[in-house]
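# Breakdown of the fold
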Amino acid sequence: MPAIFEPMNKVSHLIKAGLLCLYGSTALAQDHMPAATPPPASPKVFIGPGLGITYGGLVGVKAEYVFVKHFSAFAGAGYYINNLGYNFGLTAKLLPDRKFSPLVYGMYGSNSVINVIGARQYNKVYSGPSAGIGADLKVGRNGNKMFFGIQYGFWHPDFKKDFEVVKQQPDIETYAEPIAIGYNFGFNFALKSAKHKK
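Figured I'd write up the structure that's included with this text. Bear in mind that the values here come from a model prediction, so they are computed numbers and not experimental data. Every chain's residues receive numbers from 1 upward, in the order its sequence appears when written. A pLDDT threshold of at least 70 governs which residues receive local features in this predicted model, and a stricter bar of 80 or more applies before side-chain atom pairs are shown or counted, although totals over entire chains, interfaces and linings include all residues. Hydrogens are left out, water is left out, and the side-chain values use all remaining heavy atoms of the structure.

Another aspect to go through is the overall build of the protein chain. The number of helices and strands found in the protein chain is two helices and eight strands. For the protein chain, the N- to C-terminal ordering of α and β elements is α-β-β-β-β-β-β-β-α-β. When a residue's accessible area, from a 1.4 Å probe over protein chains only, is under 20% of the maximum for its type it is buried; when over 50% it is exposed; and in between it is partly exposed. Here the protein chain holds 198 residues, and 32% of them are scored as buried. Residue contacts follow a heavy-atom distance rule, with two residues in contact if any of their heavy atoms lie within 4.5 Å. Put simply, of all contacts in the protein chain between residues at least 6 apart along the chain, 51% involve residues at least 24 apart. Areas reported as accessible are Shrake-Rupley estimates using a 1.4 Å probe. Residue values count occlusion only from the protein chains shown. About 13400 Å² of surface is accessible on the protein chain, with carbon and sulfur atoms providing 66% of the total. Working definition: helices are DSSP H or I runs of at least four residues, strands are E runs of at least two. Numbering for both runs from the N terminus.

With that out of the way, let us pick up the packing of aromatic side chains. The rule is short: rings of Phe, Tyr and Trp, with Trp giving its six-membered ring, pair when the centres are within 6.5 Å, and they are stacked under 30 degrees, edge-to-face over 60, tilted in between. Counted under the stated rule, the structure contains ten aromatic pairs. Measuring from ring centre to ring centre gives 6.4 Å for Tyr55 and Phe147, while their planes differ by 55°; the resulting arrangement is tilted. One end of the pair, Tyr55, is in the loop between strand E1 (43-52) and strand E2 (57-68); the other, Phe147, is in strand E7 (residues 145-153), with 92 residues separating them in the sequence. Its relative accessible area of 4% is what places Phe147 among the buried residues. Look at Phe148 and Phe185: their rings are 5.4 Å apart centre to centre, the planes differ by 45°, and that puts the pair in the tilted class. Here Phe185 lies in strand E8 (residues 181-193) and Phe148 lies in strand E7, a separation of 37 residues in the sequence. Here Phe148 falls in the partly exposed class, since its relative accessible area comes to 34%.

Here Lys62 is to be found in strand E2. Positive charge is attributed to Lys and Arg, negative charge to Asp and Glu, and no charge count is given to His or to the chain ends. Put simply, a salt bridge is a Lys or Arg side-chain nitrogen that is within 4 Å of an Asp or Glu carboxyl oxygen. Buried within the structure, Lys62 lacks any salt-bridge partner; Glu64 is the closest side chain of opposite charge, at an N-O distance of 4.8 Å. When neighbours within four sequence positions are excluded, Lys62 is seen to be in contact with Phe46, Ile47, Gly48, Thr54, Tyr55, Phe74, Ala75, Gly76, Phe147 and Asn188.

Our next topic: the environment of Asn123. As for its position among the elements, Asn123 is in the loop between strand E5 (100-114) and strand E6 (124-138). Its relative accessible area of 22% is what places Asn123 among the partly exposed residues. The sequence separation of Asn123 and Asp162 amounts to 39 residues, and the corresponding C-alpha distance is 9.8 Å. Other than its neighbours up to four places away in sequence, Asn123 contacts Asn82, Ile114, Asn115 and Val116. Two N or O atoms form a polar contact when they lie within 3.5 Å of each other; inside protein one atom must be a possible hydrogen donor and the other a possible acceptor, and for residues adjacent in sequence the pair counts only when both atoms belong to side chains. Of the polar contacts made by the side chain of Asn123, one reaches the backbone nitrogen of Val116; its length is 2.6 Å.

As a further point, take the pattern of salt bridges. Under the defined criterion, the tally for this structure stands at eight salt bridges. We note a salt bridge from Glu64 to Lys93, for which the minimum N-O separation is 2.8 Å. Placement of Glu64 in strand E2 and of Lys93 in strand E4 (residues 83-93) is noted, with a sequence separation of 29 residues between them. By the burial criterion, Glu64 is buried, and Lys93 matches it. Between Lys145 and Glu64 there is a salt bridge, with its nearest N and O atoms 2.9 Å apart. Residue Lys145 is found in strand E7, and its partner Glu64 is found in strand E2; the two are separated by 81 residues along the sequence. Of the two residues, Lys145 and Glu64, neither departs from the other in class, the shared state being buried. Among the charged side chains, a network of salt bridges with common partners joins Glu64, Lys93, Asp136 and Lys145.

Okay, structure coming up:
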């Protein structure tokens with residue numbers, strides 16, 4: 001009777017050995033598979049020169065920090081015709097993963113100025129809130145981008161009052177009436193990328 005089961009035992013051993021060999025080769029293949037490469041991280045910090053009040057004045061520098069995917073905080077400082085200017089605010093990015101990303105922004109800081117040639121006592125930079133729309137355009141492979149924006153400035157009451165006083169002076173000629181709409185353009189260099197957790 002035992003001899004009857006002997007061939008079955010041999011077959012069983014062969015099957016087990018085959019399964020062990022298959023498992024071993026599978027494990028060996030998995031050990032040699034390369035680890036998946038994570039996608040490059042999006043830049044978090046930008047800084048660069050530009051024109052317009054988001055950069056502090058006629059010309060200046062703006063720094064930006066992307067604290068979550070769709071939102072960033074920024075601050076700008078520059079020269080505003082006759083004095084230093086500044087602005088700080090928040091940006092909401094509608095399509096942050098795209099090469100061209102529309103955005104909206106709001107800020108507070110320098111948004112109007114009086115400049116009288118030969119009568120410096122009237123010269124002054126005024127602060128107030130501003131809101132605008134624009135876009136980021138990614139350029140190159142390093143995360144750098146160009147910024148375009150147009151905003152409306154809500155003038156401080158003192159600016160309107162002081163400008164009327166200047167206009168009433170008989171020895172001062174007004175060359176340009178102020179407008180509340182401003183344009184911005186700048187180039188922002190990417191400085192820092194988020195690190196992936198291992």
